[in-house]
Amino acid sequence: MSQVLLGYLRLARPANLPTAAADIFAGAVIGGMFVHDTSSSLMVSLIGLVFASVFLYAGGVVLNDVFDYKLDKVERPERPIPSGLIPLKSAALFGAILLVIGIVLAFLIHSLSGYIAVLLAGAILLYDAFSKKYGFLGPFNMGLCRSLNLLLGISILGVITNWWFCIIPLVYIFAITLISRGEVHGDNKKHIIWAGILYALVIFGVVSMTLKETGSIIEAIPFLGVFAFLVFKPLVGAYRLNSPANIKKAVIAGVLSLIVLDAAMAVGFSVWWYGLLIVLLLPLSMLLSKLFAVT
């Protein structure tokens with residue numbers, strides 16, 4: 001593989017992309033996919049939305065590096081753009097094309113999905129170019145992107161149901177973004193405490209919302225237990241030794257564990273094996289995280 005192609009892959013953060021797919025798989029069943037027969041056309045719609053989400057996510061992280069070009073020249077000079085491997089204009093065009101492909105794919109599934117994809121692309125650009133510089137607005141905007149991604153999955157039938165589940169990724173990603181504030185310099189114990197509280201609220205939210213909508217939480221409990229272990233263990237480690245390395249581990253664990261959180265939400269509206277299928281994306285993310293940066 002050429003170094004340039006590898007550079008473009010690094011820009012797209014391949015290890016993160018399965019987490020975007022997991023949002024769609026969860027959103028589809030929350031939106032009622034299992035209530036209807038799982039016809040081949042519905043499966044095509046599901047796959048189409050997965051690809052739309054992946055392209056939107058990839059475009060977002062590429063453009064994030066484009067807007068962070070000057071900062072990365074100082075803090076992360078090894079990245080593809082500041083190192084000179086990928087020209088700034090080429091990276092910007094690459095990110096824009098990925099976003100457009102994601103929007104077009106969403107419109108091909110349903111007009112409602114397309115409009116949500118447009119909103120998601122707008123939220124992504126707002127974060128990349130502006131809001132990430134601000135203490136509250138940045139984490140909120142990042143969480144909103146994940147909420148809209150889950151909503152994109154919920155729109156699979158052309159209607160919006162159970163939209164309040166989108167609050168869960170909003171709170172969760174807000175927590176991860178808080179933690180990431182210390183990834184370069186460390187010293188963010190207060191943010192870690194707040195993240196732990198928000199993680200607990202996320203688990204409570206999944207339990208309470210699922211019970212309200214389906215009346216059963218039994219199948220989700222094992223997934224929530226695994227999720228809690230995966231996110232709290234590195235978080236405690238980052239609090240005890242508040243170093244950039246440990247903070248980065250907590251951030252990576254938070255990002256990748258979103259797959260398990262999606263599985264926990266999904267099983268409440270489907271069956272246990274559907275949750276396991278989503279969890280299978282986690283080993284893929286972990287493998288890719290050994291090859292490509294997550295943050």
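Refer to the structure above for everything that follows.
Residues numbered from 1 in each chain as written. Predicted model: local features only at pLDDT ≥ 70, side-chain atom pairs only at ≥ 80, totals over all residues. Heavy atoms only, no water.

S.K.: Any chance you could explain the overall build of the protein chain here in plain terms?
M.R.: A count of helices and strands for the protein chain gives 13 helices and 0 strands. Counted from the first residue to the last, the protein chain has its helices and strands arranged as α-α-α-α-α-α-α-α-α-α-α-α-α. For 295 residues, the compact-globule estimate of 2.2 N^0.38 gives 19 Å, and the protein chain sits close to it at 18 Å. Its C-alpha atoms give the protein chain principal-axis dimensions of roughly 50 × 45 × 35 Å. The burial tally for the protein chain puts 54% of its 295 residues in the buried class. Of the contacts formed within the protein chain by residues at least 6 apart in sequence, a portion of 77% connects residues at least 24 apart. Just so you have it, the protein chain exposes about 13,200 Å², and 73% of that area is on carbon and sulfur atoms. With 19 positive and 13 negative side-chain charges, the protein chain shows a spacing of 9 Å between the two charge centroids. (Helix = DSSP H or I, 4+ residues; strand = E, 2+ residues; numbered from the N terminus. Rg over C-alpha atoms; globule rule 2.2 N^0.38 Å. Buried < 20%, exposed > 50% of the residue type's maximum accessible area, 1.4 Å probe, protein only. Contact = heavy atoms within 4.5 Å. Areas by Shrake-Rupley, 256 points an atom, 1.4 Å probe, with all protein chains shown as cover. Lys, Arg positive; Asp, Glu negative; His and termini not counted. Charge placed at Lys NZ, Arg CZ, Asp CG, Glu CD.)

S.K.: I'm lost on the packing of aromatic side chains in this one. Help?
M.R.: Between two aromatic rings, the relevant description is the distance of the centres plus the angle of the planes. The tally for this structure, following the rule as stated, stands at 11 aromatic pairs. With a centroid separation of 5.6 Å and 70 degrees between ring planes, the pair formed by Trp 163 and Trp 164 is classed as edge-to-face. On the accessibility criterion, Trp 164 (27% relative accessible area) is partly exposed. Joined through ring pairs, the aromatic side chains of Tyr 172, Tyr 199, Phe 227 and Phe 232 make up one cluster. Its end group placed over the ring of Tyr 239, Lys 189 keeps NZ or CZ at 4.7 Å from the ring centre. (Phe/Tyr/Trp six-rings, centres within 6.5 Å; stacked < 30°, edge-to-face > 60°. Lys NZ or Arg CZ within 6 Å of the ring centre and 35° of its normal.)

S.K.: Hey, could you run me through the nonpolar core in this one?
M.R.: Considering soluble globular proteins, one finds that nonpolar side chains tend to be buried as a cluster. Ranked by internal contacts, the top residues of the largest apolar core, which has 94 residues, are Leu 56 and Tyr 172. At 14 residues, the largest contribution of residues to this core is made by helix H11 (residues 244-267). Setting aside residues no more than four positions away along its own chain, Tyr 172 makes contact with Tyr 199, Val 202, Phe 227, Val 231, Ala 253, Gly 254, Ser 257, Leu 258 and Leu 261. (Core = buried A, V, L, I, M, F, W, Y, C linked by side-chain atoms within 4.5 Å.)

S.K.: How do you make sense of a nonpolar patch on the surface when you look at a structure like this?
M.R.: Taken together, the side chains of Leu 126, Phe 130, Tyr 134, Phe 136, Leu 137, Phe 140 and Leu 144 make up a nonpolar region of the molecular surface, amounting to roughly 630 Å² of accessible area. For the nonpolar patch, the element with the highest residue contribution is helix H7 (residues 137-154), accounting for 3 residues. With respect to the secondary-structure elements, Phe 130 resides in the loop between helix H6 (111-129) and H7. (Patch = residues over 30% accessible without salt bridge, like charges linked within 9 Å, V, L, I, M, F, W, Y side chains within 5 Å. Salt bridge = Lys/Arg side-chain N within 4 Å of Asp/Glu carboxyl O.)

S.K.: I keep staring at the packing of helix H2 (residues 17-30) against helix H3 (residues 40-67) and nothing clicks. Help me out?
M.R.: Between two packed helices, what matters for the description is the angle formed by their axes and the separation of those axes. Put simply, H2 and H3 touch, their axes get as near as 8 Å, and they point 140 degrees apart. Taken together, H2 and H3 sit at an angle that is classed as oblique. Crossing geometry of H2 relative to H3 is assigned as right-handed. Between H2 and H3, the residues in contact are Leu 17, Thr 19, Ala 20, Ala 21, Ile 24, Phe 25 and Ala 28 and Leu 46, Leu 49, Val 50, Ser 53, Val 54, Tyr 57 and Ala 58, respectively. Its residues assigned to classes, the contact of H2 with H3 comprises 12 nonpolar, 2 polar and no charged. (Axes fitted to C-alpha atoms, helices over the stretch in contact; angles between N-to-C directions. Parallel < 35°, antiparallel > 145°, perpendicular 65-115°, else oblique. Left-handed = near helix turned anticlockwise from the far one by under 90°. Nonpolar A, V, L, I, M, F, W, Y, C, P; charged D, E, K, R; others polar.)

S.K.: Teacher, can you tell me more about unusual backbone geometry here?
M.R.: Most peptide bonds are trans, and most residues other than glycine sit at a negative phi. For Arg 13, which is not glycine, the phi torsion reads 50 degrees and is therefore positive. For Arg 13, the location among the structural elements is in the loop between helix H1 (3-11) and H2. Judged by relative accessible area, Arg 13 falls into the buried class, the value being 6%. The phi dihedral of Asn 162 is positive, around 50 degrees, even though this residue is not glycine. By relative accessible area, which is 12% here, Asn 162 ends up buried.

S.K.: I'm lost on the pattern of salt bridges in this one. Help?
M.R.: Opposite charge on two side chains makes pairing possible when the charged atoms of those side chains draw close. Per the counting criterion, the structure on display carries 6 salt bridges. Across the pair Asp 68 and Lys 132 runs a salt bridge, and its minimum N-O distance is 2.6 Å. With Asp 68 in the loop between H3 and helix H4 (69-75) and Lys 132 in the loop between H6 and H7, this residue pair connects regions lying 64 residues apart in the sequence. In this structure, Asp 68 and Lys 132 share a single accessibility class: buried. Residue Asp 72 pairs with Arg 79 through a salt bridge whose shortest N-O separation is 3.5 Å. Salt bridges sharing common partners tie together Arg 13, Asp 65, Asp 72 and Arg 79.

S.K.: Which parts of the structure should I look at to understand the environment of Leu 63?
M.R.: Here Leu 63 shows up in helix H3. A C-alpha to C-alpha distance of 9.9 Å links Leu 63 and Leu 88, two positions 25 residues apart in sequence. Residues in contact with Leu 63, not counting those within four places in the same chain, are Ala 92, Gly 95, Ala 96, Leu 99, Leu 125 and Asp 128.

S.K.: Can you help me understand H2 in this one?
M.R.: Quick reminder: α-helices carry 3.6 residues per turn. Residues three or four places apart thus point the same way. Helix length check: H2, at 14 residues, gives a terminal C-alpha distance of 21 Å against a target of 20 Å (1.5 Å per residue), a fit within 8%. Counting buried residues in H2 gives 13 out of 14 residues, a clear majority hidden from the surface. Gly 32 lies just past H2 and shows a positive phi near 110 degrees. (Expected span 1.5 Å × (residues − 1).)

Functional significance is not addressed by these values, which are geometric in nature.
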